Amino acid sequence: MKTLVVYDSVYGNTEKIAKSIGEAIGEDVKVLSTGAVSSSDLESVDLLIAGSPTYGGRPTPGMQNFLNNIVAGSSLKGVSVAAFDTRSTANWVKIFGFASGRIAGNLKAKGGTLILTPEGFFVTDTKGPLKEGELERAASWAKEIVSNKK
Ligand SMILES: Cc1cc2nc3c(=O)[nH]c(=O)nc-3n(C[C@H](O)[C@H](O)[C@H](O)COP(=O)(O)O)c2cc1C
């Protein structure tokens with residue numbers, strides 16, 4: 001199963017989550033930032049996982065750019081997809097919504113099959129750190145994706 005994990009990260013927390021997901025998947029997996037990914041990386045991928053920090057309830061411009069310029073020009077028919085974000089633990093942010101649902105919507109619009117509910121991982125402040133246990137939770141989320149794929 002060829003897997004691509006694409007992430008954007010400003011302060012490094014989403015990158016850590018993406019790498020934990022990549023490690024949990026283990027085999028035949030590439031973890032690339034939105035700045036490093038190109039259309040050819042999507043070729044013959046079986047599973048695409050995309051994640052971004054939540055900014056104003058949305059994916060960052062870097063993730064949006066990936067969705068608009070690379071995903072939008074590809075077909076994800078036959079590809080399993082999943083999406084995650086990082087987000088604040090503050091209660092008031094809920095009114096804006098979160099990035100992962102929007103990312104999942106974009107991936108599904110291109111024909112991808114959503115394999116697991118979009119997930120959010122918490123940072124304790126804007127620059128982090130991640131809430132305790134989130135790297136492990138990300139690894140479990142990834143393992144659930146793999147077992148759904150079988
Ligand atoms: C401009 C800005 C807007 C943000 N908006 C939200 C938001 O709407 N909801 C939320 O939960 N967190 C919000 N945050 C917190 C970010 O989600 C947090 O900085 C991010 O998860 C850190 O990820 P990174 O270390 O990968 O950059 C915002 C942060 C910044 C800087």
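For the structure given in this document, a descriptive report is provided here. (Residues numbered from 1 in each chain as written. Predicted model: local features only at pLDDT ≥ 70, side-chain atom pairs only at ≥ 80, totals over all residues.)

Looking at the site of the ligand
Okay, step 1: Close to the ligand lie 20 residues, the nearest being Tyr11, Asn13, Thr14, Thr86 and Arg87.
Okay, step 2: Listed by contribution, the elements that provide at least two residues to the shell around the ligand are helix H1 (13–25), strand S3 (47–55) and strand S5 (80–88).
Okay, step 3: Considering only residue class, the shell around the ligand consists of 7 nonpolar, 11 polar and 2 charged. (Near = placed C-beta within 6 Å. Helix = DSSP H or I, 4+ residues; strand = E, 2+ residues; numbered from the N terminus. Nonpolar A, V, L, I, M, F, W, Y, C, P; charged D, E, K, R; others polar.)

As for helix H3 (residues 99–109)
Okay, step 1: Burial in H3 covers these residues: Ala99, Ser100, Arg102, Ile103, Ala104, Asn106 and Leu107.
Okay, step 2: The elements touched by buried residues of H3 are S3, strand S4 (58–59), helix H2 (61–71), S5, strand S6 (113–114) and strand S7 (119–123).
Okay, step 3: Glycine 111 occupies a position one or two residues after H3 and carries a positive phi of about 105 degrees. (Buried ≥ 20, exposed ≤ 12 C-beta atoms within 10 Å, placed from the backbone. Contact = placed C-beta atoms within 7 Å.)

Structural notes on the pairing of S7
Okay, step 1: With burial as the criterion, only one face of S7 is covered, namely that bearing Glu119, Phe121 and Val123; the residues Gly120 and Phe122 on the opposite face remain uncovered.
Okay, step 2: In this structure, S5 lies alongside S7, joined through 5 bridges in parallel fashion. Bridge assignment links phenylalanine 84 to a residue of S7, and that residue is glutamate 119. (Pairing = 2+ DSSP bridges.)

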